[in-house]
Amino acid sequence: MASGTDAAAAGVAALGISGGEWAEACPPLRRNLHLLASDEVELAKMLLNEGQMHLFEHWPEPGVDDDKKKGFFDQVRRLNSSYPGGLVSYIQNAKKLLADSKAGKNPYDGFTPSVPSGEALTFGNDNFVSLEAAGVKEARNAAFVLVAGGLGERLGYKGIKVALSRETTTGKCFLQHYIESILSLQEASCKMVGDGYHTKIPFVIMTSDDTNALTIKLLESNSYFGMEPSQVKIQKQEKVACLADNDARLALDPNDKYKIQTKPHGHGDVHSLLYSSGLLEQWKNEERKWVLFFQDTNGLLFNVPRSAIPSALGVSATKGYNVNSLAVSRKAKEAIGGITKLTHVDGRTMVINVEYNQLDPLLRATGHPDGDANCETGYSPYPGNINQLILELGPYIEELKKTHGAISEFVNPKYTDSTKTAFKSSTRLECMMQDYPKTLPPSAKVGFTVMDTWLAYAPVKNNPEDAAKVPKGNPYHSATSGETAIYRANSLILRKAGAQIADPVVDTFNGQEVEVWPRITWSPRWGLTFKDIKEKVRGNSSISQRSALVINGRNISLEGLLLDGTLIVNAVDEAEVKLTGPVQNKGWTIQHVDYKDTSEKEEIRIRGFKFEKVEQLEVNYTEPGKHSLSA
């Protein structure tokens, strides 16, 4: 024990601060200095210099809680190392942002908005099909990054969001669907290029303290859903220190006076994590060209045909975009940010997401009396941001060399009154992944790709109670709407491919009125692009509204299938299966479930429905060759 104390004292003496004069103003810290290692002394000195004396004022005499005092510095060390520029930068950034917030400073002061340039795609036309093919070819040169730092608490679901079933017809979770989709895209891309190399697409998952262990467990217990473990990299983000007041004094944890209270920093951390990990340079050495970012529960983004991914990647490749934001058509004043070009009075320009509650006043203040209004198309000219980005790797690396991945931050304190002198509770700095373009030079080529909303955007984030309060006509963004949107998209895709799909019926689940289409799902390998699906839908096939169709296999075609009931088809890749003739049975009926009914599982309750599997036809083709299903 004495030797450890002597070593610590020697470390302090080596720094030339054995007297601790710099700590005179904080006697509790000065009395404990001899307990600290040299790097801990430096951290303490930094904290005092940044006005954080209060962190030590309650420290007792040496010999009391010494382990907890050392533990305090373990946390400070982590907070300091995980933030670009360290805690000094964090505190100084906080002071500036808090001062701006108190003064009511407009972050867009001096900027004039205008509609940026981008590509609007029409599903299924020749241009769309061409861009899809270009994107599939480029996919082998890409890396995918999933931002998955959140739990499903806002949804009314206690687990990690990526473990939630994307749809309950098959029960596949979001993460399984994403991995199977990437693997399918990987195979098709390598086959299209045809150079004999089977390139593996890297897949990075950003986790948090809340999701890290559960994400790893989900992957390991399911053998990574068929992906090689070496392809998957986990990057865990750290939380940031909370702020107690306008002077950016760090808040102590109310349950532990030896800990600084922390909260999530936001998904913008993904950029600094990728920079510090060395993965970007590794990908560059492997001659990769693109990094695709997506979030955890937008089940349509990887819908098959995965039009939102290949076609947007095709746009990036053909247009030469350094940054391509995937977007959807957006109604004026809809609660979704708008992709906007901002031009400053000093000549600076940037193309970024402007939140919906800031876009309307910004437009009104800059010569647009109607604010955020629909144009002749019936939509706002400012497309809706869905937080899916495609970045060109080379320019991305060069930019991160300058910033180390630090992203423009904001602070959103809740004040106790109009004087803005005290907070209701501690706050923290936050950052968003999509704000990356804010620091880019004017020469950067930043654009967007607009998709139909039904094809590309149906996030699952609101619990049933909150979703039911959404004004009629606005998207619910719930587990109910997310699942029914998948069936709608698949039904519309098959319609456009030539099949007769019955019109939906309207029903209400957990207070949300939605369209109920036939429950049609298929595995990613069945239809990579719209061109693939058109080739597999032949003859005069029809599917009734009450039907469910599950296709698991690569070479399954619809040739005059008349489905009225439930049909599940499983086939190995070497089996060619034609689905023809009538298939009729009692099928699966939809049962309403109240979200307050605790006898049901959480993930059923939040949807408001479940399937009663009355009758079905399930066929399995395990042998190669040509097969036909007909009555």
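Our structure is the block above this text.
Below you will find a few notes about this structure.

Thresholds, definitions, all that
- Residues numbered from 1 in each chain as written.
- Predicted model: local features only at pLDDT ≥ 70, side-chain atom pairs only at ≥ 80, totals over all residues.
- Heavy atoms only, no water.
- Helix = DSSP H or I, 4+ residues; strand = E, 2+ residues; numbered from the N terminus.
- Rg over C-alpha atoms; globule rule 2.2 N^0.38 Å.
- Buried < 20%, exposed > 50% of the residue type's maximum accessible area, 1.4 Å probe, protein only.
- Lys, Arg positive; Asp, Glu negative; His and termini not counted.
- Charge placed at Lys NZ, Arg CZ, Asp CG, Glu CD.
- Core = buried A, V, L, I, M, F, W, Y, C linked by side-chain atoms within 4.5 Å.
- Contact = heavy atoms within 4.5 Å.
- Phe/Tyr/Trp six-rings, centres within 6.5 Å; stacked < 30°, edge-to-face > 60°.
- Lys NZ or Arg CZ within 6 Å of the ring centre and 35° of its normal.
- Pairing = 2+ DSSP bridges.
- Axes fitted to C-alpha atoms, helices over the stretch in contact; angles between N-to-C directions.
- Salt bridge = Lys/Arg side-chain N within 4 Å of Asp/Glu carboxyl O.
- Polar contact = N/O pair within 3.5 Å; in protein donor to acceptor, adjacent residues only side chain to side chain.
- Parallel < 35°, antiparallel > 145°, perpendicular 65-115°, else oblique.
- Nonpolar A, V, L, I, M, F, W, Y, C, P; charged D, E, K, R; others polar.

When you go through the protein residue by residue, the secondary structure sums to 18 helices and 31 strands. By the compact-globule yardstick of 25 Å for 631 residues, the protein fits well, its C-alpha radius of gyration being 28 Å. Expressed along its principal axes, the backbone C-alpha trace of the protein runs to roughly 95 × 60 × 55 Å. For the protein, the proportion of its 631 residues judged to be buried stands at 53%. Counting 71 positive and 76 negative side-chain charges, the protein places the averaged centre of each group 2 Å from the other.

If you look at the biggest cluster of nonpolar residues, it comprises 105 residues, and the most contacted ones within it are Phe144, Leu175, Phe203 and Leu494. It is helix H16 (residues 479-496) that provides the largest number of residues to this core, a total of 8 residues. With sequence-adjacent residues up to four places away left out, phenylalanine 203 is seen in contact with Phe144, Leu146, Leu175, Ile179, Ile182, Met227, Gln231, Val232, Lys233 and Phe294. By size, the runner-up hydrophobic cluster in this structure holds 36 residues, among which are Val41, Leu55, Trp59 and Leu429.

With that out of the way, let us pick up the packing of aromatic side chains. Counting across every chain of the model gives 22 aromatic pairs. Measuring from ring centre to ring centre gives 6.3 Å for tryptophan 59 and tyrosine 258, while their planes differ by 50 degrees; the resulting arrangement is tilted. Here the residue tryptophan 59 occupies a position in the loop between helix H3 (38-49) and helix H4 (66-82), and tyrosine 258 occupies one in strand E8 (residues 256-260), the gap between them amounting to 199 residues. We classify tyrosine 258 as buried; its relative accessible area is 4%. Look at phenylalanine 123 and tryptophan 454: their rings are 5.4 Å apart centre to centre, the planes differ by 75 degrees, and that puts the pair in the edge-to-face class. You can see phenylalanine 123 sitting in the loop between strand E2 (119-120) and helix H6 (126-138) and its partner tryptophan 454 sitting in helix H14 (residues 453-456), a full 331 residues away along the chain. With a relative accessible area of 6%, phenylalanine 123 lands in the buried category. Residue tryptophan 454 is classed as buried on the basis of its relative accessible area, which comes to 16%. Here the aromatic residues Phe56, Trp59, Phe72, Phe73 and Tyr258 are joined through ring pairs into a cluster of three or more. Taking NZ or CZ as reference, lysine 331 lies 4.8 Å from the ring centre of tyrosine 379, over its face.

The next point concerns the environment of phenylalanine 73. Mapped onto the fold, phenylalanine 73 is located in helix H4. Separated by 34 residues in sequence, phenylalanine 73 and aspartate 39 have C-alpha atoms that sit 9.3 Å apart. Sequence-distant contacts of phenylalanine 73, that is, excluding residues within four places in its chain, are made with Leu36, Glu40, Leu43, Ala44, Phe56 and Trp59.

Before going further, it helps to examine the sheet that holds strand E30 (residues 617-621). Spatial ordering of the open sheet is given by E21-E24-E26-E30, a layout of 4 strands whose pairing is parallel. This sheet does not close on itself; its edge strands, each paired only once, are strand E21 (519-522) and E30. Neighbour to neighbour, the strand axes of the sheet diverge by 5 degrees on average, direction disregarded. When strand E24 (residues 548-552) meets strand E26 (residues 566-571), the two strands line up parallel, connected through 5 bridges. Across the sheet, the residue bridging to leucine 549 is leucine 567, located in E26.

Moving on, we get to the environment of valine 129. Inspection of the secondary structure assignment puts valine 129 in helix H6. Here valine 129 falls in the partly exposed class, since its relative accessible area comes to 23%. Along the chain, valine 129 and valine 583 lie 454 residues apart, while their C-alpha atoms are 32 Å from each other. Beyond its immediate stretch of four places on either side in the chain, valine 129 contacts Gly124, Phe530 and Lys531.

To continue, consider the pattern of salt bridges. Overall, the coordinates contain 37 salt bridges when judged by the stated rule. Salt-bridge contacts for arginine 31 lead to glutamate 61; the nearest nitrogen and oxygen are separated by 2.9 Å. With a gap of 30 residues between them, arginine 31 in helix H2 (residues 27-32) and glutamate 61 in the loop between H3 and H4 connect regions that are remote in the sequence. You can call glutamate 61 partly exposed: its relative accessible area is 43%. The partner of glutamate 238 in a salt bridge is lysine 236, with the nearest N and O atoms 3.3 Å apart. The exposure class of glutamate 238 is partly exposed, given its relative accessible area of 29%. For lysine 236, a relative accessible area of 30% gives the class partly exposed. Within the structure, one salt-bridge network assembled from shared partners comprises Asp39, Glu40, Lys70, Asp74 and Arg77.

Here the focus is unusual backbone geometry. The backbone of glutamate 287 shows a phi angle near 65 degrees, a positive value even though the residue is not glycine. With respect to the helices and strands, glutamate 287 occurs in the loop between helix H10 (279-285) and strand E10 (290-295). Of note, the phi angle at lysine 333 is positive, near 70 degrees, even though the residue is not glycine. Within the element layout of this structure, lysine 333 appears in the loop between strand E11 (323-328) and strand E12 (338-344).

Of the two faces of strand E20 (residues 512-516), only one is covered, namely that formed by Gln512, Val514 and Val516; the face formed by Glu513 and Glu515 stays uncovered. Pairing between strand E19 (residues 505-509) and E20: 5 bridges, direction antiparallel. Looking across to E20, one finds that phenylalanine 509 is bridged to glutamine 512. Following E19, the chain reverses through 2 residues before pairing antiparallel with E20; asparagine 510 in that reversal takes a positive phi of roughly 50 degrees.

With that settled, the discussion passes to the environment of leucine 29. By the secondary structure assignment, leucine 29 is in helix H2. Remark: the alpha-carbon pair of leucine 29 and threonine 416, spanning 387 residues in sequence, is separated by 32 Å. In this view, leucine 29 contacts Trp22, Leu36, Ala44, Leu48, Phe56 and Trp59; residues no more than four positions away in its chain are not counted.

Looking at the element boundaries, arginine 330 is found in the loop between E11 and E12. Relative accessible area serves as the criterion here: at 0%, arginine 330 is assigned to the buried category. Side-chain polar atoms of arginine 330 contact the side chain of aspartate 372, separated by 2.5 Å. In contact with arginine 330, not counting residues within four places along its chain, are Ile336, Gly337, Gly338, Tyr356, Leu359, Asp372, Asn374, Tyr379, Ser380, Tyr382, Pro383 and Gly384.

In contact at an axis separation of 11 Å, helix H9 (residues 269-277) and helix H13 (residues 393-403) are set at 95 degrees when each is read in the N-to-C sense. Comparing the axis directions of H9 and H13 gives the class roughly perpendicular. Contact residues: H9 offers His271, Leu274 and Tyr275, while H13 offers Tyr396, Leu400 and Lys401. A class-by-class count of the residues in the contact of H9 with H13 yields 4 nonpolar, 1 polar and 1 charged.

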